[in-house]
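Commentary on secondary and tertiary structure
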Amino acid sequence: MTKSSNSDNRQILLQTALSLFARRGFSSVGVQEIVTAAGLSKPTLYHYFGHKQGLLSAILATYSPAFLARLERAADYQGDLIASLEQVAAAYFESAQAEPDFFYLMLSMNYLPAEHETEPLIQPFRLQLQNLLETLFIQAVPQHGNLRGHEVFLASSLTGSLNHQALALLKRDVARTGVSFSGQEIHQLVKHYMYGIYVL
């Protein structure tokens, strides 16, 4: 049997910690539990990440770029707000399904108090997502003047709706592997969301 390489050990620690953090929460998981589950040692973890917060920071740096890049491509406004929102919703659900542990971790961290130790780590990701969606609504203002001044609220409320639906999708997948939201379901979701926009 060949010995694991340094890059293998780092990746094993990342994936093990992500799985534990997603299921139990960052604060509930200790360093010893992570290294025991990974079959490695504390000095190995400290070598690569310095401490548990460094491990969480590395997880976010590893998984958030792909999540945000997929959303950024989907949110490229081309003059049709409904189509753009459907693309964003589809991309969000695809991201949640592609990396469910990262989605669960991100979701749990988003709803922690502002003074929680993980706030400085998750805040950049949250701000990038917020800015991305705000930009979409700002670009739509020339065609939907009633959105003006509501961009921040609309981005936040859209994120909340997407999180709720993505969570429902992942729970549905537990019972029926491979099930995803259909185009019709995404259209219906956006239709309900747009109703709120029309009555602003």
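Residues numbered from 1 in each chain as written. Predicted model: local features only at pLDDT ≥ 70, side-chain atom pairs only at ≥ 80, totals over all residues. Heavy atoms only, no water.

So, about the nonpolar core. Formed by 64 residues in total, the largest nonpolar core has its most connected members in Phe-21, Ile-34, Leu-81, Leu-85, Tyr-92 and Phe-137. For this core, the leading source of residues is helix H4 (residues 52-74), giving 10 residues. Viewed by domain, this core spans two of them, domain 1 (7-50) and domain 2 (64-199), each represented by three or more residues. When near neighbours in sequence (up to four residues on either side) are disregarded, Leu-81 contacts Phe-137, Ala-140, His-144, Leu-147, Met-194 and Ile-197. (Core = buried A, V, L, I, M, F, W, Y, C linked by side-chain atoms within 4.5 Å. Buried < 20%, exposed > 50% of the residue type's maximum accessible area, 1.4 Å probe, protein only. Helix = DSSP H or I, 4+ residues; strand = E, 2+ residues; numbered from the N terminus. Domains from an automatic or database assignment. Contact = heavy atoms within 4.5 Å.)

Time to look at the environment of Gln-139. Tracing the sequence through the fold places Gln-139 in helix H7 (residues 119-140). Sequence separation between Gln-139 and Gln-78 is 61 residues, and the spatial gap between their C-alpha atoms is 9.0 Å. Once residues within four sequence positions are removed from consideration, Gln-139 is found in contact with Ala-75 and Tyr-77.

With that settled, the discussion passes to the domain arrangement of the protein chain. Reports often express the size of an interface as the amount of accessible area lost when the parts come together. The domains assigned to the protein chain are domain 1 (7-50) and domain 2 (64-199). With 7 residues of domain 1 at the interface, the matching set in domain 2 holds 7 residues. Interface area for domain 1 against domain 2, summed over the two sides, is near 610 Å², with a carbon-plus-sulfur share of 65%. On the domain 1 side of the contact with domain 2, Leu-18, Ala-22 and Phe-26 bury the most area, a combined 64% of that side's loss. Summed over the shared surface of domain 1 and domain 2, the number is 1 salt bridge. Here Asp-101 makes a salt bridge to Arg-23, at a shortest N to O gap of 2.7 Å. (Buried area = accessible area lost by both parts, 1.4 Å probe. Salt bridge = Lys/Arg side-chain N within 4 Å of Asp/Glu carboxyl O.)

A word on the side chain of Ser-64. Within the secondary structure layout, Ser-64 lies in helix H4. Owing to a relative accessible area of 10%, Ser-64 belongs among the buried residues under this scheme. Among the polar contacts made by the side chain of Ser-64, one reaches the main-chain carbonyl oxygen of Leu-60 at a distance of 2.5 Å. Those residues within four positions of Ser-64 in sequence are excluded, and the remaining contacts are Phe-102 and Phe-125. (Polar contact = N/O pair within 3.5 Å; in protein donor to acceptor, adjacent residues only side chain to side chain.)

A few words now on the packing of aromatic side chains. All told, the structure shown has 10 aromatic pairs when counted by the stated rule. Feature note: the residues Tyr-63, Phe-67, Tyr-92, Phe-102, Phe-103, Tyr-104 and Phe-125 constitute an aromatic cluster, connected by ring pairs. Over the aromatic face of Phe-26 sits the side chain of Lys-52, whose NZ or CZ is 4.2 Å from the ring centroid. (Phe/Tyr/Trp six-rings, centres within 6.5 Å; stacked < 30°, edge-to-face > 60°. Lys NZ or Arg CZ within 6 Å of the ring centre and 35° of its normal.)

The first and last C-alpha atoms of H7 sit 31 Å apart over 22 residues, in line with the 32 Å expected at 1.5 Å per residue. Within the sequence span of H7, burial applies to Glu-119, Ile-122, Phe-125, Leu-129, Gln-130, Leu-132, Leu-133, Glu-134, Leu-136, Phe-137 and Ala-140. (Expected span 1.5 Å × (residues − 1).)

In this section: empty space enclosed by the protein. A complete count under the given rule lists 1 cavity of 30 Å³ or more for this structure. By volume, the largest cavity is sized at about 50 Å³. Lining the largest cavity are Leu-85, Ala-89, Leu-158, Ser-161, Leu-162, Leu-189, Val-190 and Tyr-193. Listed by contribution, the elements that provide at least two residues to the lining of the largest cavity are helix H5 (81-98), helix H8 (151-175) and helix H9 (183-198). Here the lining of the largest cavity is composed, by residue class, of 7 nonpolar, 1 polar and no charged. (1 Å grid on protein atoms, 1.4 Å probe; cavity = no way out; pocket = protein on both sides within 12 Å on 5 of 7 lines; lining within 4 Å. Points joined across faces, edges and corners; volume = space filled by probe spheres on them. Nonpolar A, V, L, I, M, F, W, Y, C, P; charged D, E, K, R; others polar.)

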